[in-house]
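Analysis of the macromolecular model
Each chain, written out:
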Number of protein chains: 4
Amino acid sequence: MDYVYGPGKNHLFVPGPVNIPEPVLRAMNRNNEDYRSPAIPAMTKNLLEDVKKIFKTSAGTPFLIPTTGTGAWESALTNTLSPGDRTVSFLIGQFSLLWIDQQQRLNFNVDVVESEWGQGANLDILAEKLAADHSHTIKAICIVHNETATGVTNNLATVRKLLDHYRHPALLLVDGVSSICALDFRMDEWGVDVALTGSQKALSLPTGLGIVCASPKALEASKSAKSVRVFFDWNDYLKFYKLGTFWPYTPSIQLLYGLRAALDLIFEEGLGNVIARHTRMGKATRLAVEAWGLKNCTQKEEWYSDTVTAVLVPPYIDSAEIVKRAWKRYNMSLGLGLNKVAGKVFRIGHLGNLNELQLLGCLAGVEMILKDVGYPVKLGSGVAAACAYLQNNIPMIPSRI
Amino acid sequence: MDYVYGPGKNHLFVPGPVNIPEPVLRAMNRNNEDYRSPAIPAMTKNLLEDVKKIFKTSAGTPFLIPTTGTGAWESALTNTLSPGDRTVSFLIGQFSLLWIDQQQRLNFNVDVVESEWGQGANLDILAEKLAADHSHTIKAICIVHNETATGVTNNLATVRKLLDHYRHPALLLVDGVSSICALDFRMDEWGVDVALTGSQKALSLPTGLGIVCASPKALEASKSAKSVRVFFDWNDYLKFYKLGTFWPYTPSIQLLYGLRAALDLIFEEGLGNVIARHTRMGKATRLAVEAWGLKNCTQKEEWYSDTVTAVLVPPYIDSAEIVKRAWKRYNMSLGLGLNKVAGKVFRIGHLGNLNELQLLGCLAGVEMILKDVGYPVKLGSGVAAACAYLQNNIPMIPSRI
Amino acid sequence: MDYVYGPGKNHLFVPGPVNIPEPVLRAMNRNNEDYRSPAIPAMTKNLLEDVKKIFKTSAGTPFLIPTTGTGAWESALTNTLSPGDRTVSFLIGQFSLLWIDQQQRLNFNVDVVESEWGQGANLDILAEKLAADHSHTIKAICIVHNETATGVTNNLATVRKLLDHYRHPALLLVDGVSSICALDFRMDEWGVDVALTGSQKALSLPTGLGIVCASPKALEASKSAKSVRVFFDWNDYLKFYKLGTFWPYTPSIQLLYGLRAALDLIFEEGLGNVIARHTRMGKATRLAVEAWGLKNCTQKEEWYSDTVTAVLVPPYIDSAEIVKRAWKRYNMSLGLGLNKVAGKVFRIGHLGNLNELQLLGCLAGVEMILKDVGYPVKLGSGVAAACAYLQNNIPMIPSRI
Amino acid sequence: MDYVYGPGKNHLFVPGPVNIPEPVLRAMNRNNEDYRSPAIPAMTKNLLEDVKKIFKTSAGTPFLIPTTGTGAWESALTNTLSPGDRTVSFLIGQFSLLWIDQQQRLNFNVDVVESEWGQGANLDILAEKLAADHSHTIKAICIVHNETATGVTNNLATVRKLLDHYRHPALLLVDGVSSICALDFRMDEWGVDVALTGSQKALSLPTGLGIVCASPKALEASKSAKSVRVFFDWNDYLKFYKLGTFWPYTPSIQLLYGLRAALDLIFEEGLGNVIARHTRMGKATRLAVEAWGLKNCTQKEEWYSDTVTAVLVPPYIDSAEIVKRAWKRYNMSLGLGLNKVAGKVFRIGHLGNLNELQLLGCLAGVEMILKDVGYPVKLGSGVAAACAYLQNNIPMIPSRI
């Protein structure tokens, strides 16, 4: 039935795919339907309106694309840019690296601004580049809001300020895969032109929807963008939006109902409360890491991520061993260190539909594994630090107060 | 959709109903079927064989009755006894109290042997009664294996020894509701005549099956037992067993498939490993309680229960407030103190398909609540104690080693 | 995974358990919960109010008992009657026979009024008995509203008229297992004292809830009824109703959420529309039977049942063979002939959450099987007759008009 | 809960998405998992082996891409061809039209070979083109195996014969979206270089997997193909295949388990039996259409499709009205006529996990709707014709015989 059984719940603390809430599982537990019946367009119309709320946009146009985050990236790039276009892109970890690789393979001319892994995007260099670019050769700034590999959150408000300061018309393309619906993300206020996320992240759905939102300026750019695209072409969507049938090709009925349920849960809790919950989770995790005497891969507080924490282990420990034992022994899934930080960090994802006691169980498990691999952790110390914080920062569950 | 929503998983630590594993939920996610088709009898035949394994009986005859534990009690009593029959029954907590109440309302003549709540059955008095009962007026000994209200486990081997010592023919009826499939229970070895459990306990199913197992001696007794019964009459089952159609009335198709999946999981883990897991859970919980400076309601180690721990709170704290806040704030369900121990104890159920990190999350939550209600707990202390033990007692997950 | 696989849907046309609608399956696809949390009593309160609507009672008190129809019968009898009490009970088929057997085993003094199977309850004899019973020795009239074995619906309004005419105070106990929520049933108007159904019938849920509704007069009777009962005792429920915690023992969380969803569906369609749909289904089925040249087991139109049709086969055919082949070949489940009509009838259940095209698929399947077992049916004839009727009696789907 | 409720089952007879079998729904009813755990690669390895069986290939390399059929097309084209490459593509209906549109937008040089809608691919013209193409400028033949819009099945064996006859090295790219796993498809025998399908078609899963299978020659071609691609690049998959982790980006855990269950069902029934079942369904449907006095959109028997039948309606009837009423009144989903045949045909999909009685219910429903829109159909006539055929062609359900 299952490939590998273990008793009790799987403790899923990778930074995506994340835990699916029971009401969402229920909503998706259904047969296929004809997506050309009156029911599905009616539902889609509401979904498109509601999905804009999690991007904090009223001007944007959302696309629910049957793809993953990688496809959503491709949709953002190919609809707005032409081969040879110059982009500025920040390399700060494995996922920004992969996006840059995609940009290069799509034949854009990428200015790669690299930082040490564990640091945020170097916005000073961005400022320099913008200042120097009098002829506006830079067509787009591509930046991850939150680098999932290192647990680094970039400051998008500053990016917008720089663009405004230099009156630079470059498009602002943001990978919000591990941020939107968990961190404070403000598409309209920050003048983001394309923002995107994946269903399996903070929305707490299965993988399968790349959710992309385009500003009016991005839509305008799509009219002249010469990148070859068909499956990812926004224009096909826009044609069916006008027809009121919404879908250029077959959507997953189950994911539509799942998205409906996921948004309902988020609105019931309140998007502000959801974000505050992630803030608590992030802070509690970092306090535990500190209590263990370990270092956060993220080098400065300004970049701390409230959705994922990458924990540096001492040189005499292989972080992959921690991940392996967590899974084998405690049915817990932690994130591996990737590429440059392979073996050096393990990651605790704390995003999505998650609560305090789930996290504390995870932290207790990490302590036992740390001890097991030879790190002299004081058992209970991380949990104690997290509890001390959490106990004074009471969760807000509107329906229960 | 739900009556009261909270983010993340509900932490279900009442001593039943307990968490249902995902494979079991999946198995039950199905339409009704005709229970007279060839499929259901074929399945039932195997279920009846396999269910005997969790009772550790080869001689017993199991009945899967569409009822609860209360109905299972009634089935055990009415099929083996006649009105006016003398029983010896031990009052050690709310559930033994309720069973005694049932025995009295069914017109048996009950010798109630009461202990202070927190103590086990007084087997000295049993010995006296057996010694004195030369004419064998005692028809049955009724005893709970594990009293769910106080977390007390009785020693059934001793009961059997006493019966054998005095060569007393009384039937031995055992409520194994919160023990079977979690604690070491040996129907044949201990000469238990009727043992029973409910599907929502250690089997980790929904409520709805009262599972009763009768020894040959109990079946023999049922032929002359004069208690009025129809719905609970074993004879109707036996008739259909012979016919090979198995069901005198409509079973729940979903629970049959669920039971199949639940047994498969138990056998995959290994019944011995399942019981060892409960032993670890019980010990870890008690170590935490001790670290908090609180007392176990169970007064002596010999009675400690590995499926539920009732924790005594100081007089200045209302234990019901702990249960209430756990639910409101942390989406955690703890057990209330019942009847004589209302307000004085709260209960942590640690039975069923549960693992270490789930329990540690619960313990961390209890610590925060204890502090919140004014008890001077050292945050992290209970988790530390539990982790220190668990870290040296590695779980046995056969498929992952 | 399944015991016997066949491609496509199982065509479930036994008269219970019936098809569960997808929204109900979804609602039940959930983990256990603590039934003492604030959520479950809040939900139960609403359920108890709403369940009264399907009985058409405002004065009645409902009980949701974790049992089957057989248990619901026992609840109705033992709470209202004392051993030795005289009842009048109508034997018209296998299920009324079983109920009478139960009454006798519970030590009531049963006047059995037998009819030929295929006929309704003989109310002339009831009239005679009531007329003769000046001293009111008859304590209860026990009658099935719809005999599931023969497809016979009794006229309850007439029973009430007779009781009123003779000013007889006997209780009126009604088995509504295969009628309530499908046929027009009016508890208050007909002065029914106890009515009952099972969750797996017209409510279209899994087996597991015996739903019993008691009039004020029945509740009054329960105070002096001397039948021994514990599990089925209404008094235990009433005690917890007063406390506001509602449950004397553990309910199935899944069935509560399922019942909520089932009632929501019924109210969305409209109870009147639900009943009208059953009327159409019954009529269409009977027209098909007529077109096949076969006879309805039910001998007169006044008794025709709109929830189940028992079809008589010619003497040279074994009706069990029809049922067997339907299942093996077409994944269709039909009802066997039981007891006196074994081998002579097969039954088509057409109750619960079912629509026209499902039924027509069944009728087409029956035609092919009939031909296969050697009956000279004209293929398509039954479907044609049913379609001709249905095509002029358009279903009422409020949300789609 | 649902957008538009109707009682009973939805009768889903669009040619995709199709009915999902219950065991598959169950398998997918699960939380997310870490796709980097040991479990998922182990499972993926087996899936890739098993999926080759439904393509009847041993030499091919399969890719399970998180996309739809449209994306699968794009994957087939961009991995094997370079901009400017000449393709021969057959326009015979809406889906071949859309594929040709994609080929043109991807900058291939497409020889469009158009047939009247209702006819198959004109292979005489293919022969001419191949004969004339001495310099092998044709790089690929692109052909749909089954045109879903018109119910036309092309003869792929003949295409292969022509290519062999003219010793032409062009790649053979086949859209098997509405054929693979339902019609007889032989990748290796017919020398197909890329074949593809979508999960929501004959595999009877939700939408979300584009399943593409490449021959060694296609893989070789992919090394020099210059079409820009990232998301759809086979090379990223091959890299992870070598690593044994299999996934370049996040797969849908649910669809993997669903695919596992779907393949298990197909192998349990037997792929040959599955195809034979589709043959029966197609034939039965066409006999009904003939009995109604209506014409099949497909003009010759050699092109008849066993997965979808497009039915021509008389000029005085709008076929869209049939589709609309079927849904509103009988909860049945039929396929609309698309583009050139809009208003002129409605489509009955009869593919996937479907059985005889489901189809017969659909046919009965179509009859009632036809009468309702004013077509003088003889009610029951189509069902009678279908039954007469089916009754002599007994379904093969291995587990039930």
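Residues numbered from 1 in each chain as written. Chains lettered and ligands numbered in written order. Predicted model: local features only at pLDDT ≥ 70, side-chain atom pairs only at ≥ 80, totals over all residues. Heavy atoms only, no water.

Let me state the cut-off plainly: UniProt positions are given in the numbering used here, feature names are shortened, and annotations may be inferred rather than shown by experiment.
Identification of chain A as alanine--glyoxylate transaminase from Gossypium tomentosum is taken from an unreviewed UniProt entry. Recorded in UniProt for chain A, the comment headed Sequence similarities (unreviewed entry) runs: "Belongs to the class-V pyridoxal-phosphate-dependent aminotransferase family." Under the UniProt heading Cofactor (unreviewed entry), the entry covering chain A gives this text: "pyridoxal 5'-phosphate".

**Overview of the relation of the copies chain A and chain D**
This is how the line gets drawn: Only residues with pLDDT of at least 70 in both copies contribute their C-alpha atoms to the least-squares superposition of the copies.
You can overlay chain A on chain D at an RMSD of 0.0 Å; the transform is a turn of 180° with a shift of 0.0 Å along its axis. Put plainly, the chains are arranged around a two-fold axis. The C-alpha atom lying nearest the rotation axis in chain A is that of A:T67; the distance is 2.7 Å.

**Quick look at the pairing of strand 5 (residues 138-144) of chain C**
Residues and elements named next belong to chain C. Applied cut-off: Each residue is assigned to one of three classes by its accessible area relative to the maximum for its type, calculated with a 1.4 Å probe on protein chains only: buried under 20%, partly exposed between the two thresholds, exposed over 50%. Each helix is a run of DSSP H or I of at least 4 residues and each strand a run of E of at least 2, with the numbering of both proceeding from the N terminus. A strand pair is defined by DSSP finding two or more bridges across the two strands.
Within strand 5, six of the seven residues are buried, which leaves the element mostly enclosed by the surrounding structure. One ladder, built from four bridges, connects strand 3 (residues 86-91) with strand 5; its direction is parallel. The residue bridging T87 from the neighbouring strand is A140, located in strand 5. Here strand 5 pairs with strand 8 (residues 171-175) via five bridges, running parallel. Counted as the bridge partner of V144 is D175 from strand 8.

**Overview of the pairing of strand 4 (residues 109-114) of chain D**
Residue and element names in this part refer to chain D. Heads up, the condition is: Call a crossover right-handed when, viewed with both strands pointing away from you, the route from the first strand across the helix to the second goes clockwise.
The sheet contact formed by strand 3 (residues 86-91) and strand 4 spans six bridges and is parallel. Its bridge partner being in strand 4, V88 is matched across the sheet by D111. Regarding topology, helix 4 (residues 94-105) serves as the crossover connection from strand 3 to the parallel strand 4, and that connection is right-handed.

**Overview of the relation of the copies chain D and chain C**
Here is the rule we go by: A contact between two residues is defined here by any heavy atoms of the two lying within 4.5 Å.
When chain D is fitted to chain C, the best match, at an RMSD of 0.0 Å, comes from turning it 180° and sliding it 0.0 Å along the axis. Comparing interface residues between copies, 98% of those in chain D also sit at the interface in chain C, which points to an isologous, same-surface contact.

**Structural notes on the confidence of the model for chain A**
In plain terms, the rule: How sure the predictor is of each residue is captured by pLDDT, a score from 0 to 100.
Per-residue pLDDT for chain A averages 97, and the proportion of residues at 70 or more is 99%. Quick note on the complex model: pTM equals 0.98, ipTM equals 0.97.

**Section: the packing of aromatic side chains**
Put simply, the rule is: To pair, rings of Phe, Tyr and Trp, with the six-membered ring standing in for Trp, must have centres within 6.5 Å; the planes then decide the type, stacked if under 30 degrees apart, edge-to-face if over 60, and tilted in the middle. For a Lys NZ or an Arg CZ to count as sitting over a ring, it must be within 6 Å of the ring centre and within 35 degrees of the ring normal.
Here the structure, examined in full by the defined rule, presents 49 aromatic pairs over all chains. Taking the centre distance of 5.9 Å and the plane angle of 20° together, the rings of C:F63 and C:Y241 count as stacked. Of the two residues, C:F63 sits in strand 2 (residues 61-65) while C:Y241 sits in helix 8 (residues 234-243), which places them 178 residues apart along the sequence. C:Y241 matches C:F63 in its accessibility class, with the two residues each being buried. The ring of B:Y257 has B:R30 lying over it, and the distance from NZ or CZ to the ring centre is 3.4 Å. Sitting over the face of the ring of D:F267, D:K53 holds its NZ or CZ atom 5.1 Å from the ring centroid.

**As for the sheet that holds strand 11 (residues 295-296) of chain A**
All names here are of chain A. The three strands are arranged 11-12-14 in an open sheet whose pairing can be described as antiparallel. Two strands in the sheet have a free side with no partner beyond their single neighbour: strand 11 and strand 14 (345-349). Pairing of strand 11 with strand 12 (residues 308-312), which is carried by two bridges, proceeds in the antiparallel orientation. Residue pairing across strands places K295 opposite L312, the latter belonging to strand 12.

**Concerning the UniProt feature "domain: Aminotransferase class V" (unreviewed entry) in chain A**
Here the UniProt feature "domain: Aminotransferase class V" (unreviewed entry) sits at residues 49-292 of chain A. Helix makes up 44% of residues 49-292 of chain A and strand 18%. Its end C-alpha atoms lie 45 Å apart.

**Considering the domain arrangement of chain A**
Residues and elements named next belong to chain A. Heads up, the condition is: Domain start and stop positions are those given by an automatic or database domain assignment. Note on definitions: buried area is the accessible-area loss of two parts on being combined, 1.4 Å probe, summed for both. Salt bridges, as used here, are contacts in which a Lys or Arg side-chain nitrogen is within 4 Å of a carboxyl oxygen on Asp or Glu. Here a polar contact is taken to be a pair of N or O atoms separated by no more than 3.5 Å, where protein atoms must pair a possible hydrogen donor with a possible acceptor and residues adjacent in sequence count only if both atoms sit in side chains.
Assigned domains of chain A: these are domain 1 (11-18 + 270-392) and domain 2 (22-267). When each unit is reduced to the centre of its C-alpha atoms, the spacing between domain 1 and domain 2 is 27 Å. Counting residues at the interface gives 28 residues for domain 1 and 33 residues for domain 2. Between domain 1 and domain 2, the buried area comes to about 2400 Å², and carbon and sulfur atoms account for 58% of it. Together, L271, Q299 and W303 form the three largest contributors to the area buried by domain 1 at its contact with domain 2, with a combined 23%. At the surface where domain 1 touches domain 2, the tally comes to one salt bridge. Of the charged contacts, one joins K340 and E114 as a salt bridge, the two residues approaching to 3.1 Å between their closest N and O atoms. If you look at where domain 1 meets domain 2, you find 18 residue pairs in polar contact (both at pLDDT 80 or more). Counting residues per element, the ones that place at least two in the side of domain 1 that touches domain 2 are helix 10 (271-291) and strand 12. Counting residues per element, the side of domain 1 that touches domain 2 draws most heavily on helix 10, at four residues.

**Quick notes on the interface of chain A and chain D**
Contacts between chain A and chain D engage 55 residues on the former and 55 residues on the latter. Buried surface at the junction of chain A and chain D, both sides included, amounts to about 4500 Å², of which 59% is carbon and sulfur. Run the count over chain A and chain D and you get four salt bridges. Its salt-bridge partner being A:R105, residue D:D236 comes within 2.7 Å of it at the nearest N-O pair.

**What to know about the interface of chain D and chain C**
Often, the extent of an interface is quoted as the loss of accessible area upon association of its parts. Rules: Here the nonpolar group is Ala, Val, Leu, Ile, Met, Phe, Trp, Tyr, Cys and Pro; Asp, Glu, Lys and Arg are the charged ones; every other residue, Gly included, is treated as polar.
Taken together, the 53 residues of chain D in the interface contact 52 residues of chain C. Taken together, the two surfaces of chain D and chain C that pack against each other cover about 5000 Å², and 61% of this comes from carbon and sulfur. The largest share of the area that chain D buries against chain C comes from D:Y5, D:L357 and D:R400, three residues that together contribute 19% of it. On the surface where chain D and chain C come into contact, there are zero salt bridges. Elements with a contribution of two residues or more to the side of chain D that touches chain C: helix 1 (22-28), helix 9 (253-269), helix 11 (319-330), helix 12 (356-372) and helix 13 (381-391) of chain D. For the side of chain D that touches chain C, the element with the highest residue contribution is helix 12 of chain D, accounting for ten residues. Grouping the amino acids of the side of chain D that touches chain C by side-chain chemistry returns 26 nonpolar, 14 polar and 13 charged.

**Quick word on the UniProt feature "modified residue: N6-(pyridoxal phosphate)lysine" (unreviewed entry) in chain A**
Residue and element names in this part refer to chain A. Here the UniProt-annotated "modified residue: N6-(pyridoxal phosphate)lysine" (unreviewed entry) positions come out as K201. Tracing the chain through its elements places K201 in the loop between strand 9 (194-198) and strand 10 (210-214). Judged by relative accessible area, which is 8%, K201 ranks as buried. If sequence neighbours within four positions are ignored, K201 has contacts with P15, G16, V18, T148, V177 and L351.

**Quick notes on the sheet that holds strand 8 (residues 171-175) of chain D**
Residues and elements named next belong to chain D. Selection criterion: Angles shown run from 0 to 180 degrees and are taken between the N-to-C directions of axes, each axis being a line fitted to C-alpha atoms and, for helices, limited to the stretch in contact.
Ordered in space as 2-10-9-8-5-3-4, the seven strands form an open sheet in which the pairing is mixed. Two strands in the sheet have a free side with no partner beyond their single neighbour: strand 2 (61-65) and strand 4. Pairs of neighbouring strands in the sheet enclose a mean axial angle of 20°, with direction left out of account. In this sheet, strand 10 (residues 210-214) lies alongside strand 9 (residues 194-198) in antiparallel orientation, the contact comprising five bridges. Note on strand 10: the bridge partner recorded for T197 is I211. Across the sheet, helix 2 (residues 39-55) is in contact with strand 2, strand 9 and strand 10; its angle to strand 2 comes to roughly 105°. Along the sheet, helix 3 (residues 69-80) makes contact with strand 2, strand 5 (138-144), strand 8, strand 9 and strand 10, crossing strand 9 at roughly 165°.

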